[in-house]
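Here's the letter readout for the chains.
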Amino acid sequence: MLALIGLWESVREFIATGGNVLYFVAGALFLMWTLMIERYWYLTSVFPSVKKKIIADWEARQDTTSWYAHRIRDAWISQASDGLQARLLIIRTLVAMCPLIGLLGTVTGMIGVFETMSTQGTGNPRLMAAGISMATIPTMAGMVAALSGLFFSSRIEAKAKMLKESLVDSLPHH
């Protein structure tokens, strides 16, 4: 319990140092990771049964060689592909937004530095250092969030592409 309280205090100090923009970075990061975990779960737990059903339905068909059969096959592959690609665009967008949200924190922090300089002058380096800290920490947090999402989202996209190709290969094209 004490470790949890200590962790919470560290997070509060970090946010106080970096400014309120860090809440937006944390929100984007939480949403991005929630969606990536859901996609990973879908790819590893749900899609295999979807693939089995499509293959069983294809093998149960009497006609697998006509033009109509090929359009049905293409439609099933397209529907499966839609399921595999779902929410990947949102994840990519969140990955791209994290550094931009961090830059917003940089701008607001620098505005704070300039306000301090205009009211207090340049003689108090401690006040200016707090503003500069508030300007750099959100950028760093946004970049770290984006990098974590970039690596894992590209792995998820590659796995989705591989699963689609595997489904296409599993449906004979006579």
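Anything mentioned here points back to the structure above.
Residues numbered from 1 in each chain as written. Predicted model: local features only at pLDDT ≥ 70, side-chain atom pairs only at ≥ 80, totals over all residues. Heavy atoms only, no water.

Asker: If you had to explain the overall build of the chain to someone new, which residues and values would you point to?
Answerer: Looking only at helices and strands, the chain features five helices and zero strands. What you see in the chain, going N to C, is helices and strands ordered as α-α-α-α-α. Summarising its shape, the C-alpha atoms of the chain cover approximately 85 × 40 × 15 Å along the three principal directions. For the chain, buried positions account for 32% of its 174 residues. In the chain, 82% of the contacts between residues at least 6 apart in sequence involve partners at least 24 apart. A total of about 10,900 Å² of accessible surface is found on the chain, and carbon and sulfur atoms cover 69% of it. Charge-centre separation for the chain: the mean point of 15 positive side chains lies 3 Å from the mean point of 12 negative side chains. (Helix = DSSP H or I, 4+ residues; strand = E, 2+ residues; numbered from the N terminus. Buried < 20%, exposed > 50% of the residue type's maximum accessible area, 1.4 Å probe, protein only. Contact = heavy atoms within 4.5 Å. Areas by Shrake-Rupley, 256 points an atom, 1.4 Å probe, with all protein chains shown as cover. Lys, Arg positive; Asp, Glu negative; His and termini not counted. Charge placed at Lys NZ, Arg CZ, Asp CG, Glu CD.)

Asker: Explain unusual backbone geometry to me, using residue names and the numbers behind them.
Answerer: In this structure, Arg-87 takes a positive phi of about 70° despite not being glycine. Take Arg-87: it is sitting in the loop between α3 (67-85) and α4 (88-120).

Asker: Go over α3 with me, naming the residues and quoting the values.
Answerer: Compared with the 27 Å implied by 1.5 Å per residue over 19 residues, the 27 Å span of α3 between its first and last C-alpha is a close match. Residues Ala-69, His-70, Arg-73, Ile-77, Ala-80, Ser-81, Gly-83 and Leu-84 constitute the buried set of α3. Along α3, the residues classed as buried sweep out an arc of 160° about the axis, all on the same side. Opposite the buried face of α3, at more than 90 degrees from it, the exposed residues are Trp-67, Tyr-68, Gln-79 and Asp-82. Two residues or fewer after α3 comes Arg-87, characterised by a positive phi angle close to 70°. (Expected span 1.5 Å × (residues − 1). Arc of directions from axis to C-beta.)

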